[in-house]
Amino acid sequence: MCKSVVLPPPEGVGAPLRFTRTANAGGLLELDGIAVLLDGVCGGVGPYLPTPPSLLEELAGRRVDLVAFTHAHPDHLDSDGAAECLYAWGGPPVLGTRAVAEALSPWPVTVGEGVSAGGVAVTPIPSRHIGAAYRTVEHSSLLIEGSRRLLFAGDAAPTQWEGSSIRPDVLFAPFAYAATPAAWRIVERLAPERLVLLHLPARDNDPEGLWQAVETTLSRCQGIPVTLPDMGETLTI
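Residues numbered from 1 in each chain as written. Predicted model: local features only at pLDDT ≥ 70, side-chain atom pairs only at ≥ 80, totals over all residues. Heavy atoms only, no water.

Trainee: Which parts of the structure should I look at to understand the pairing of strand E4 (residues 34–38)?
Mentor: Looking along a regular strand, one sees the side chains alternate between the two faces of the sheet. Taken across its 5 residues, E4 has 5 buried, putting it largely inside the fold. Sheet analysis places strand E3 (residues 27–31) next to E4, joined by 5 bridges and oriented antiparallel. Counterpart to Glu30 in the pairing with E4 is Ala35. Where E3 folds back onto E4 in an antiparallel hairpin, the turn is made up of 2 residues, including Asp32, whose phi is positive at roughly 55 degrees. Strand direction decides the pairing type here: E4 and strand E5 (residues 66–68), joined by 3 bridges, are parallel. (Buried < 20%, exposed > 50% of the residue type's maximum accessible area, 1.4 Å probe, protein only. Helix = DSSP H or I, 4+ residues; strand = E, 2+ residues; numbered from the N terminus. Pairing = 2+ DSSP bridges.)

Next comes the structure, spelled out in structure tokens:
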């Protein structure tokens, strides 16, 4: 059962949106009556949490209009679980990289171009994956535009956005965006109304001390509201 949290929108922000975290680094976004799944079905990798079976079953019973995956790493995409949902949903458009297309074959996947439903458009932005070991991984962040503009970073390195002209209302990003003061300065340049922080392990299984790094940075850096949703939690922003 999903928990719900209603967050007061900053002044001047448009229609509210809902986001339910259903995976390690993603979930189901509802904007302008359109439901978009973003890296929302994943497997478990090390300390990173998989999509729970109960949430997968709940997702399969929902209406989903668009599906997008930033890349094919298993902590962002569980191909078997995603295929189960795609057939249950009856054929929504899917956006992804070439590796995502291979993982979901024979399901058709749009690569390198945007997709849309109703008044909501999702555009891929080629971006560097965090970490030198993953420099060759094909990865695309996602720009979602309707009555609100959202940037879903996936696993893009924060430095990807230095000098970027994108000014999202809401930024969805992994822990690295709030793990160091240098990364936080890049978030400040993007100037989102809110940061939704994802891709953190369970607190009781955090061998690299990521929670401590994030909490230390956030205790020193003020100005942009930050939300860290639990698995299954629904935010209304």
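Continuing now.
Trainee: Sorry, what's going on with the sheet that holds strand E11 (residues 149–152) here?
Mentor: The strands making up a sheet associate through backbone hydrogen bonding, with each pair oriented either parallel or antiparallel. Taken in spatial order, the 7 strands of this open sheet run E8-E9-E10-E11-E12-E13-E14, and their pairing is mixed. Lying at the two open borders of the sheet, with one neighbouring strand each, are strand E8 (115–117) and strand E14 (226–227).

Trainee: Even after reading the chapter, I still don't get the packing of aromatic side chains, so can you show me in this structure?
Mentor: Centre distance and the angle of the planes are the two values used to describe a pair of aromatic rings. Enumeration according to the criterion identifies 3 aromatic pairs in this entry. Between Tyr87 and Trp107, the aromatic rings sit 4.8 Å apart at their centres with planes inclined by 85 degrees, giving edge-to-face as the arrangement. Residue Tyr87 is located in helix H2 (residues 79–89), and its partner Trp107 is located in the loop between helix H3 (98–104) and strand E7 (110–111); the two are separated by 20 residues in the primary sequence. On the basis of relative accessible area, Tyr87 is assigned to the exposed category, the value being 57%. Ring centres of Phe152 and Phe172 lie 6.3 Å apart, and the angle between their planes is 40 degrees; this geometry places the pair in the tilted category. Taken together, the positions of Phe152 in strand E11 and Phe172 in strand E12 (residues 170–174) put the pair 20 residues apart, joining distant regions of the chain. You can call Phe152 buried: its relative accessible area is 0%. Accessibility expressed as a relative area gives 1% for Phe172, which makes it buried. Through a chain of ring-to-ring contacts, the aromatic side chains of Phe19, Phe152 and Phe172 assemble into a single cluster. When the ring centre of Trp211 is taken as reference, the NZ or CZ atom of Arg203 above it lies at 3.8 Å. (Phe/Tyr/Trp six-rings, centres within 6.5 Å; stacked < 30°, edge-to-face > 60°. Lys NZ or Arg CZ within 6 Å of the ring centre and 35° of its normal.)

Trainee: What's the story with the side chain of Asn24 in this structure? I'm lost.
Mentor: Along the polypeptide, Asn24 turns up in the loop between strand E2 (18–21) and E3. For Asn24, the side chain forms a polar contact with the main-chain oxygen of Asp75, separated by 3.2 Å. What Asn24 contacts, discounting residues up to four positions off in sequence, is Cys42, Tyr48, Leu49, Asp75, Leu198, His199, Leu200 and Met231. (Polar contact = N/O pair within 3.5 Å; in protein donor to acceptor, adjacent residues only side chain to side chain. Contact = heavy atoms within 4.5 Å.)

Trainee: Teacher, can you tell me more about helix H4 (residues 181–190) here?
Mentor: At 3.6 residues per turn, the α-helix brings residues three or four places apart onto the same side. Taken together, the buried positions of H4 are Ala183, Trp184, Ile186, Val187 and Leu190. Across the axial projection of H4, the buried residues extend over an arc of 155 degrees, all falling on one side. Downstream of H4 by one or two residues, Ala191 has phi in the positive range, about 55 degrees. (Arc of directions from axis to C-beta.)

Function-wise, these values are silent; they only describe arrangement.
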